[in-house]
Amino acid sequence: FVAQQVARARASRDIACDILGKTGRCRFTPPQGAFYLFFAVDGEPDSEKLARRLVDEAQVGLAPGTAFGEGGKHFLRLCFAREPKQIRDACERIARVL
């Protein structure tokens, strides 16, 4: 079970990093041992406003970085502990909005 969960998380991480990285606007370091991606979007200084916009326009819920402290104000948190297909669909919708 654990091996399957780790493999799924790795696949979903790779999909998210690939799609969001190709936008040319997302800055992040691929996580090595987490189930979320903490990333900034160039030209989007207000993570709370961007998170709301992505819910409205992409139908994807992301946590604004401010939920994790003042240092996160320019970041979003995407949990990729989902099936790879769900992450692909969500990230493609995010990329279209960005």
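None of these values were measured; they are calculated from a predicted model. (Residues numbered from 1 in each chain as written. Predicted model: local features only at pLDDT ≥ 70, side-chain atom pairs only at ≥ 80, totals over all residues. Heavy atoms only, no water.)

Draft legend 1. Geometry of the packing of helix α1 (residues 2-21) against helix α3 (residues 84-97). Between α1 and α3, whose axes approach to 9 Å, the crossing angle comes to 15°. Taken together, the axis directions place α1 and α3 in an arrangement best described as roughly parallel. Here the hand of the crossing between α1 and α3 comes out right-handed. Across the interface between the two elements, R8, A11, S12, I15, A16, I19 and L20 from α1 touch P84, I87, R88, C91, E92, I94 and A95 from α3. By residue class, the composition of the contact of α1 with α3 is 10 nonpolar, one polar and three charged. (Axes fitted to C-alpha atoms, helices over the stretch in contact; angles between N-to-C directions. Helix = DSSP H or I, 4+ residues; strand = E, 2+ residues; numbered from the N terminus. Parallel < 35°, antiparallel > 145°, perpendicular 65-115°, else oblique. Left-handed = near helix turned anticlockwise from the far one by under 90°. Contact = heavy atoms within 4.5 Å. Nonpolar A, V, L, I, M, F, W, Y, C, P; charged D, E, K, R; others polar.)

Draft legend 2. Layout of the packing of helix α2 (residues 47-58) against α3. As a packed pair, α2 and α3 sit with axes 10 Å apart at the nearest point and diverge in direction by 110°. In terms of their interaxial angle, α2 and α3 are classed as roughly perpendicular. Across the interface between the two elements, R53, L54, E57 and A58 from α2 touch R93, I94 and V97 from α3. Counted by class, the contact of α2 with α3 contains four nonpolar, no polar and three charged residues.

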